[in-house]
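# Tertiary structure, described
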Amino acid sequence: MSANVSPVVEVAWVAEHLDDEDVRLVEVDVTRAAYAEGHIPGAVLWNAYVDLRHPDYSPLSTSELEDLLARSGVSAETTVVFYGYGAHLGFWLLRAHDRNRLRLPDGPREQWLEAGHSWSVEAPEPAPTSYLLPAADAGLYVSRETVEASVGSPDEVILDVRAQLEYDGDYFWPSGATAGAGRAGHMPGSVHVPIDRFRNDGGQFSRAG
């Protein structure tokens, strides 16, 4: 993606490109509940637990991610628009593979309704595609071993952007996780900067300046 082109788009942009054959909308969430009640017309659902990682929380291989993209009707020419609870997870997962045609509406999924648009309850069945991804960029996508080696290193910072209760271990995210998955608390030495500190009252990221 060109350094001069922001991936962030307005809801109006999404509405204008709703019927474009080379645009694929993807809602990312941890359950199917919200999607089933209503979603942006034409959007497919990626479940963060079922589609984007294995039961043991290990990440998908490149070939598995290629299969997901193929089932979602995404080709090398497709612009993928992520929205929903886990939109940033989907965005950065593909961005790590040097995927340039990515867009991200800034703010919660409800802004679609607030802009006067309607939900759909129809789940599309895109025509399968064929897609080959390059290997993940090690500068954006690191292994568990790399993170563990960073603990205590004066040259590395592990940033925790969850809520205060999650960081303190009083609340265990994420909802919908399988029993026994993960542990409450935070990584030793991690710096806590809650992501909501960077959002305004409308849920959009605050702009510097």
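Look above for the structure.
A brief look at the structure comes next.

### Regarding the overall build of the protein chain
When its secondary structure is counted, the protein chain shows seven helices and seven strands. For 209 residues, the compact-globule estimate of 2.2 N^0.38 gives 17 Å, and the C-alpha radius of gyration of the protein chain, at 18 Å, lies within 12% of that figure. A principal-axis box enclosing the C-alpha atoms of the protein chain has dimensions of 50 × 40 × 40 Å. Looking at the 209 residues of the protein chain, the share that counts as buried comes to 37%. The long-range share in the protein chain, meaning contacts at least 24 apart out of those at least 6 apart in sequence, stands at 65%. With an accessible surface of roughly 12400 Å², the protein chain has 53% of that area assigned to carbon and sulfur atoms.

### Considering the sheet that holds strand 2 (residues 23-29)
Strands sit in the order 1-5-4-2-3 across an open sheet of five strands; the sheet is parallel. If you trace the sheet from one side to the other, it starts and ends with strand 1 (8-9) and strand 3 (44-47), each paired once. Where strand 2 meets strand 3, four bridges bridge the pair, whose relative direction is parallel. Paired with valine 28 across the two strands is tryptophan 46, which belongs to strand 3. Set on the sheet, helix 4 (residues 87-95) makes contact with strand 2, strand 3, strand 4 (79-83) and strand 5 (102-105); between it and strand 5 the angle comes to about 160 degrees.

### Remarks on helix 3 (residues 62-71)
Every buried residue belonging to helix 3 is among Leu65, Glu66, Leu68, Leu69 and Ala70, and all of these are buried. In this fold, the buried residues of helix 3 make contact with strand 3 and helix 4. The first or second residue beyond helix 3 is glycine 73, which carries a positive phi of 75 degrees.

### What to know about the environment of phenylalanine 172
Checked against the element boundaries, phenylalanine 172 lands in the loop between helix 7 (164-168) and strand 7 (191-192). Residues phenylalanine 172 and glycine 185, spaced 13 residues apart in sequence, show a C-alpha to C-alpha distance of 7.6 Å.

### Let's talk about the pairing of strand 2
For strand 2, a buried count of seven out of seven residues is recorded, marking the element as mostly surrounded by other parts of the structure. Side chains of strand 2 alternate between two faces, with Val23, Leu25, Glu27 and Asp29 and Arg24, Val26 and Val28 buried alike.

Calculation rules
- Residues numbered from 1 in each chain as written.
- Predicted model: local features only at pLDDT ≥ 70, side-chain atom pairs only at ≥ 80, totals over all residues.
- Heavy atoms only, no water.
- Helix = DSSP H or I, 4+ residues; strand = E, 2+ residues; numbered from the N terminus.
- Rg over C-alpha atoms; globule rule 2.2 N^0.38 Å.
- Buried < 20%, exposed > 50% of the residue type's maximum accessible area, 1.4 Å probe, protein only.
- Contact = heavy atoms within 4.5 Å.
- Areas by Shrake-Rupley, 256 points an atom, 1.4 Å probe, with all protein chains shown as cover.
- Pairing = 2+ DSSP bridges.
- Axes fitted to C-alpha atoms, helices over the stretch in contact; angles between N-to-C directions.

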